[in-house]
Amino acid sequence: MTKDELLQQLYDFTLVGNGPEVLRLTSAGLADGIGPETLLYEALIPSLEEVGARFERGDFFVPEMLIAGKAMAGALEILRPLLAETGAAAIGTVVMGTVKGDVHDIGKNLVNIMFEGAGFQVIDLGVQVAPEKFVAAVQEHRPDIVGFSAFLTTTMPMFKANINALTKAGLRDQVIVMVGGAPVTQEYADVVGADGYAADASAAVVRAKELLAMRRAAALA
Ligand code: B1M
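Since the structure is predicted, the reported quantities are computational estimates derived from the model, not experimental observations.

Reading the values: the criteria
- Throughout, residues of each chain are indexed from 1 in the direction in which the sequence is written.
- Since the coordinates come from a predicted model, pLDDT governs what is reported: local features require at least 70, and pairs of side-chain atoms require 80 or more to be given and counted, while whole-chain, interface and lining totals use all residues.
- The basis for every side-chain value is the complete set of heavy atoms in the structure, and neither hydrogens nor water enter the calculation.
- Stacked, tilted and edge-to-face pairs are distinguished by plane angle, under 30 degrees for stacked and over 60 for edge-to-face with tilted covering the rest, among Phe, Tyr and Trp rings (Trp via its six-membered ring) whose centres lie within 6.5 Å.
- Think of it this way: any DSSP run of H or I at least four residues long counts as a helix, any run of E at least two long counts as a strand, and we number them from the N terminus.
- Think of it in three bands: residues with accessible area under 20% of the maximum for their type are buried, residues over 50% are exposed, and the middle band is partly exposed, with areas taken using a 1.4 Å probe on protein chains only.
- Fitting a line to C-alpha atoms yields each axis, with helices limited to the stretch in contact; the angle taken between N-to-C directions then spans 0 to 180 degrees.
- Roughly parallel covers angles under 35 degrees, roughly antiparallel covers those over 145, roughly perpendicular covers 65 to 115, and oblique covers all other angles.
- With the far helix as reference, a near helix turned anticlockwise by less than a right angle produces a left-handed crossing, and one turned clockwise produces a right-handed crossing.
- Any two residues having at least one pair of non-hydrogen atoms within 4.5 Å are treated as being in contact.
- Near, as used in this document, describes a residue that has one of its heavy atoms within 4 Å of the molecule or strand being considered.
- The definition of a polar contact used here is a pair of N or O atoms within 3.5 Å, where within protein one atom must be able to donate a hydrogen and the other to accept one, and adjacent residues in sequence count solely through side-chain atom pairs.
- Note on definitions: the grid is 1 Å and covers protein atoms alone; a cavity is a set of points where a 1.4 Å probe fits but cannot get out; a pocket is an open set with protein on both sides within 12 Å along at least five of seven lines; lining residues have an atom within 4 Å of a point.
- Criterion for pocket placement: a molecule counts as inside a cavity or pocket if more than half of its atoms are within 2 Å of its grid points.
- Here the coordinating atoms are restricted to nitrogen, oxygen and sulfur within 2.8 Å of the metal centre, or 3.2 Å for Na, K and Ca, and because water is not among them the sites may look incomplete.
- Grid points are joined across faces, edges and corners, and a volume is the space filled by probe spheres set on the points.
- Under the grouping applied here, Gly and all other residues not named as nonpolar or charged are polar, the nonpolar ones being Ala, Val, Leu, Ile, Met, Phe, Trp, Tyr, Cys and Pro and the charged ones Asp, Glu, Lys and Arg.
- Each pair of strands is called paired provided DSSP finds at least two bridges between the two strands.
- With its strands directed away from the observer, a crossover is right-handed exactly when the path from the first strand over the helix to the second travels clockwise.
- As used in this record, nonpolar core signifies buried Ala, Val, Leu, Ile, Met, Phe, Trp, Tyr and Cys residues forming a set joined through side-chain atoms within 4.5 Å.
- Salt bridge criterion: a side-chain nitrogen from Lys or Arg within 4 Å of a carboxyl oxygen from Asp or Glu.

Student: Got a minute to help me understand the packing of aromatic side chains in this structure?
Tutor: Centre-to-centre distance and the angle between the planes together describe a pair of aromatic rings. If you walk through the whole model with that rule in mind, you get four aromatic pairs. With 6.4 Å between their ring centres and 25° between their planes, Phe148 and Phe159 make a pair best called stacked. Within this pair, whereas Phe148 is found in strand S3 (residues 145-149), its partner Phe159 is found in helix H7 (residues 158-168), the two being separated by 11 residues in sequence. For the residue pair Phe148 and Phe159, the accessibility class agrees, reading buried in each case.

Shown next, in the form of structure tokens:
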């Protein structure tokens, strides 16, 4: 099978949520020398985008979305150690979670993997994380960054609720707040008072490093 054929099959099997085939093709792709990023960005993620588009058109329903998501999550577990490979010493700590009311976690998990790959220690609070839980985690772990993911327009307002809870607990100035998720924009991040926004996992790492460098430079000044 050529590389293009393998990527096409991986896309097709993810689309129909065939978990075993997705696992097989992901492993086969790696064995053939296809990079983990290629499998991710040229097959798995585009396939989930198509799942979303079909859901919007009414061609797919929640069960189809669920099995496609599960198939992708399985592949991500195979890719995780390769994407997160790092020899770097820890450069900072990040507390991450998907906001209250939202169960999407594939995007958040990918951001975590990229953070780990860049040398961050990641404390993942999971999904449906309430503001009090974020506050407690910031109090306990004293991270450099707290990251909120939201994937629904209806859960994006939780960013503001989380930031308000941090402010009320006297922690807002002690931690960099980053936000992201499919419907989130830089404009929205600015409106809620986040310090940083990124559109995808790679950009999140770049932005996190910038924000951390700025924070550390300001502390030395
Ligand atoms: Co849902 N869902 N879903 N879903 N789902 C979306 C998000 C949707 C866009 C589909 C669509 O209509 N096109 C739509 C949201 C519309 C909106 O509000 N704008 C939607 C809907 C409506 C729903 C339900 C309401 C459906 C229903 O029940 N009627 C329901 C909500 C449940 C809830 O949360 N309360 C629901 C449920 C589900 C499943 C459970 C079935 C499943 C989730 C499985 C899982 O995550 N474990 C699911 C899935 C799979 C999707 C789609 C198809 C795929 C999501 C995904 O994993 N994408 C999605 C369609 C789509 O996204 N096109 C859809 C791949 C992932 C790598 O990308 O998530 O964007 P993404 O993550 C990116 C960036 O966002 C960014 O980096 C990530 C990696 O590059 N990023 C950050 C994320 N967090 C960040 C944090 C940062 C920075 C960047 O800093 C801290």
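On we go.
Student: Where do I start with the packing of helix H2 (residues 19-31) against helix H4 (residues 62-83) in this structure?
Tutor: Each pair of packed helices gets described by two things: the angle between the helix axes and the distance between those axes. The N-to-C vectors of H2 and H4 enclose an angle of 25°; their axes lie 8 Å apart at closest approach. The angle between H2 and H4 places the two elements in the roughly parallel class. With respect to the hand of their crossing, H2 and H4 are arranged in right-handed fashion. Residues Gly19, Val22, Leu23, Thr26, Ser27 and Leu30 of H2 form the contact with H4, whose participating residues are Ala71, Gly74, Ala75, Ile78, Leu79 and Leu82.

Student: Looking at this structure, how should I read the site of the ligand?
Tutor: Residues in contact with the ligand amount to 35 residues; listed here are only the nearest, Glu56, Val103, His104, Asp105 and Ser149. In the environment of the ligand, a nitrogen atom lies 2.6 Å from a nitrogen or oxygen atom belonging to the side chain of Glu56. Interatomic distance of 3.5 Å between a backbone N/O atom of Ile106 and an oxygen atom of the ligand. A molecule is said to occupy a pocket when more than half its atoms come within 2 Å of that pocket's grid points, and by this definition the ligand occupies the largest pocket.

Student: In this structure, what is going on with the coordination of the cobalt atom of the ligand? I would like to understand it.
Tutor: When four donors bind a metal tetrahedrally, each ideal donor-metal-donor angle is 109.5 degrees, and when six bind octahedrally, the ideal angles are 90 or 180 degrees. There is one protein donor for the cobalt atom of the ligand, and it is His104 (NE2), at 2.2 Å. Within the fold, His104 resides in the loop between strand S1 (92-98) and helix H5 (106-117).

Student: Sorry if this is basic, but what is going on with the layout of surface pockets here?
Tutor: Summary: where empty space remains is shown by rolling a probe the size of a single water molecule over the atoms. There is about 1300 Å³ of room inside the largest pocket. Taken together, 41 residues make up the lining of the largest pocket; nearest its centre are His104, Ile106, Gly107, Phe151 and Ala182. Every element with two or more residues in the lining of the largest pocket is listed here: helix H3 (36-57), H4, H5, S3, strand S4 (176-180) and helix H9 (201-220). Element by element, the count of residues in the lining of the largest pocket is highest for H3, at nine residues. Partitioning the lining of the largest pocket into residue classes produces 27 nonpolar, eight polar and six charged.

Student: Explain the pairing of strand S2 (residues 120-124) to me, please; I cannot follow it from the model alone.
Tutor: Here is the key point about a regular strand: its side chains alternate between the two faces of the sheet. Sheet analysis places S1 next to S2, joined by five bridges and oriented parallel. Opposite Val95, over in S2, you have Ile123 as the bridge partner. Each parallel crossover has a hand, and for S1 linked through H5 to S2 it is right-handed.

Student: For this particular structure, what's the right way to read the nonpolar core?
Tutor: Leu40, Leu44, Phe115 and Phe120 are the most contacted members of the largest nonpolar core, which has 38 residues in total. Setting aside chain neighbours within four positions, we find Phe115 in contact with Val94, Met96, Phe120, Val122, Ala204, Val205 and Ala208. Formed by 27 residues, the second largest nonpolar core is a distinct cluster that contains Leu125, Val135, Val138 and Ala165.

Student: Is there a simple way to think about the pattern of salt bridges in this case?
Tutor: Between side chains of opposite charge, a pair can form as their charged atoms come close. Counted according to the given criterion, the structure contains 10 salt bridges. Where Glu21 meets Arg24, a salt bridge forms, and the shortest distance between an N and an O atom there is 2.8 Å. With Glu21 and Arg24 both in helix H2 and three residues apart, the pair spans about one turn of that helix. Owing to a relative accessible area of 41%, Arg24 belongs among the partly exposed residues under this scheme. By sharing partners, the salt bridges in this structure join Glu50, Arg54, Arg57 and Asp59 into a single network.

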